[in-house]
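Coordinates in review
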Amino acid sequence: MPFSKFMGGCYYHLVRKLDKFSWVKMGRDGRQEIVSDLPEPIKLNEKKLSRIILPEGIGNYHSAVDLILRIREVISLPFHFTNRIHLNFASLYTFATWFFDLHPELGYIGITAPPESGKTCLLDTLGEVVYCGCRISGSITEAAFFRIIDDFQSTILMDEAQRDTSNANDRYHKVWTDGISFNGAVSLTGKDKFGNFEPEFYNVFCPKISSARQLSEDEAILSRTFKIELDQIDAKYIPKFKTTDAEWQQMAANLRNDLLVYRQKRLNGLIDLSTNCDTAYVKKLNLGPREIQIYSWIFSECPKILGADLLEAIEYQRDAKREDLLISLDSEVLMAAYKLSKTTNTVFLKAITEELKEPHPDLDSKRVAKILRANKLKPERLTDGYAIL
């Protein structure tokens, strides 16, 4: 995985040839040269170095469109996407992770599915092609969680991430809510060498991809997450490759190398961004404030020729959220009716609307009646109004 440092007006990249590491200096003109001395010493993280797979030289230049289409091809070989929109968005998100540190805000991906649906397989697949993929377990402690993010500054992939995140004061919760902003940080109070308590701040800004049987119900986190809901895998489906196959691993490594070359040129201002979805393009799409917040960074890296794919994914997500809200409202109406039925044999519809007035101020008796009829409960007209007996 790439390790880069900006010093003295130039970027320095660490590359590996066989078992030896070398520093490559890249000037603003795009020229590269291997150097032995650096402008300032760098303390290298040995764990991060163990995951570095970099090109030995400059490599061939590939356009953003070519790279995104290659990402689609590579990630669809070990994992079978039954939904084309999920494939397209996962590819665009993967590409954008390579430049997340150039943007002030970002969003997340949440993968949800029942057992035996391929959540872990998809996480393994994406982990090989995202920027500095770092796999962690959902059982990780909160202190280790934000320390890893601050240390690696990479793309976090969390498996089995189902845990309570409703406590707004919980540091684990803050990692997800504050981690969408480049200045997002969490604090931990520790002792210095003199025994005095001092707060330590950890940067938690990075792309995050989580998988769980059921995502967090916290609205603050859900509103920042693009949901990928997987279907049960067809038992007859046999993938072309496994993520552990040497041939696929080489394909993923080659793709990472080309993405790194593109990143190097992007960091040095050598990429023509005039064909990308600029601010004017995004303004025409009539996106909401939260949608702009979590998708604008992807639009900025997305060529206009693929902008329709991203917009289709956003509209798909809107429809899915509307459907979830309808299902949730149905459940709340039925639960309110059941609760009221314990104290009276006649449950008036207006009593149900009063019960749900705070979470659903626009709910009226007509909507309640429609929901009840859809669930085979027929309200009857009485003297004091409609009710279910």
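Residues numbered from 1 in each chain as written. Predicted model: local features only at pLDDT ≥ 70, side-chain atom pairs only at ≥ 80, totals over all residues. Heavy atoms only, no water.

1. Describing the overall build of the protein
The helix and strand inventory of the protein stands at 13 helices and 14 strands. Here the protein, with 389 residues, has 47% of them falling under the buried criterion. When contacts within the protein are restricted to residue pairs at least 6 apart in sequence, long-range pairs at least 24 apart make up 68% of them. In the form shown here, the protein has an accessible surface area of approximately 20800 Å², with 51% of it arising from carbon and sulfur atoms. (Helix = DSSP H or I, 4+ residues; strand = E, 2+ residues; numbered from the N terminus. Buried < 20%, exposed > 50% of the residue type's maximum accessible area, 1.4 Å probe, protein only. Contact = heavy atoms within 4.5 Å. Areas by Shrake-Rupley, 256 points an atom, 1.4 Å probe, with all protein chains shown as cover.)

2. A closer look at the sheet that holds strand S10 (residues 208–212)
The parallel open sheet is built from five strands, whose spatial order is S6-S7-S10-S5-S11. Two strands bound the open sheet, and with one partner strand each, they are strand S6 (133–137) and strand S11 (225–229). Here the strands of the sheet are splayed against their neighbours by 20 degrees on average, with no regard to which way each runs. Contacts from helix H4 (residues 119–127) reach strand S5 (108–112), S6, strand S7 (155–159) and S10 within the one sheet, and its direction differs from that of S7 by about 165 degrees. (Pairing = 2+ DSSP bridges. Axes fitted to C-alpha atoms, helices over the stretch in contact; angles between N-to-C directions.)

3. Focus on the packing of helix H2 (residues 64–75) against helix H8 (residues 246–267)
Contact geometry for H2 and H8: axes closest at 11 Å, N-to-C directions at 160 degrees. Classed by the angle they form, the pair H2 and H8 counts as roughly antiparallel. Taken as a pair, H2 and H8 cross one another with a handedness that is left-handed. Contact residues: Ala64, Leu67, Arg70, Ile71 and Val74 in H2; Trp248, Met251, Ala252, Asn254, Leu255, Asp258, Leu259 and Tyr262 in H8. Taken together, the residues that form the contact of H2 with H8 break down as 10 nonpolar, one polar and two charged. (Parallel < 35°, antiparallel > 145°, perpendicular 65-115°, else oblique. Left-handed = near helix turned anticlockwise from the far one by under 90°. Nonpolar A, V, L, I, M, F, W, Y, C, P; charged D, E, K, R; others polar.)

4. Examining the packing of aromatic side chains
For the structure shown, the criterion picks out 15 aromatic pairs. Relative to Tyr131, the ring of Trp98 lies with its centre 5.4 Å away and its plane at 65 degrees, an arrangement referred to as edge-to-face. Placement of Trp98 in the loop between helix H3 (84–97) and S5 and of Tyr131 in the loop between H4 and S6 is noted, with a sequence separation of 33 residues between them. For the pair formed by Trp98 and Tyr131, the shared burial category is buried. Taking 6.0 Å as the distance between ring centres and 55 degrees as the angle between the ring planes, the aromatic pair formed by Phe100 and Tyr131 counts as tilted. With Phe100 in the loop between H3 and S5 and Tyr131 in the loop between H4 and S6, this pair connects stretches of sequence that are 31 residues apart. Per residue, the accessibility class of Phe100 equals that of Tyr131, and both read buried. (Phe/Tyr/Trp six-rings, centres within 6.5 Å; stacked < 30°, edge-to-face > 60°.)

5. Comments concerning helix H5 (residues 142–152)
Taken together, the buried positions of H5 are Phe145, Phe146, Ile149 and Phe152. Angularly, the buried residues of H5 cover 145 degrees about the axis, an arc narrow enough to put them on a single face. Looking one or two places after H5, you find Gln153, whose phi comes out positive at around 45 degrees. (Arc of directions from axis to C-beta.)

6. Digging into the pattern of salt bridges
What the rule picks out here adds up to nine salt bridges. One salt bridge in this structure joins Glu301 and Arg266, with 2.7 Å as the shortest N-O distance. A residue pair is termed long-range when its members are at least 10 positions apart, and Glu301 in helix H10 (residues 289–301) and Arg266 in helix H8 qualify at 35 residues. Between Arg318 and Glu291 there is a salt bridge, and its shortest N-O distance comes to 2.7 Å. Of this pair, Arg318 sits in helix H11 (residues 307–341) while Glu291 sits in helix H10, and the two are 27 residues apart along the sequence. (Salt bridge = Lys/Arg side-chain N within 4 Å of Asp/Glu carboxyl O.)

7. Points about the nonpolar core
Ranked by size, the top nonpolar core spans 80 residues in total, and within it Phe89, Phe95, Phe145, Ile209 and Phe299 carry the most contacts. By residue number, the principal contributor to this core is H3, which donates eight residues. Those residues in contact with Phe145 that lie beyond four places of it in its chain are Ile136, Ile140, Ile156, Met158, Tyr172, Val175 and Trp176. Within the second largest apolar cluster, 14 residues are counted, among which are Val333, Leu349, Ile352 and Ile371. (Core = buried A, V, L, I, M, F, W, Y, C linked by side-chain atoms within 4.5 Å.)

8. Section: the side chain of Thr225
The topology assignment puts Thr225 in strand S11. Among residues more than four places away in sequence, those in contact with Thr225 are Tyr108, Ile109, Gly110 and Gln317.

9. Points about the pairing of S7
In terms of burial, S7 is largely enclosed, as five of its five residues are buried. Side chains Thr155, Leu157 and Asp159 project from S7 onto one buried face, and the interleaved Ile156 and Met158 project onto a second face that is buried too. Viewed along the sheet, the connection from S6 through H5 into S7 turns out right-handed. Across three bridges, the pairing between S7 and S10 is parallel. Pairing of Ile156 across the sheet is with Lys208, part of S10. (Right-handed = clockwise from strand over helix to strand, strands pointing away.)

10. Side note on unusual backbone geometry
The phi angle at Cys132 is positive, at roughly 50 degrees, despite the residue not being glycine. When you line up the elements, Cys132 lands in the loop between H4 and S6. Even without glycine at this site, Asn286 takes up a positive phi of about 60 degrees. With respect to the helices, strands and loops of the structure, Asn286 is situated in the loop between helix H9 (279–283) and H10. For Asn286, a relative accessible area of 65% corresponds to the exposed category.

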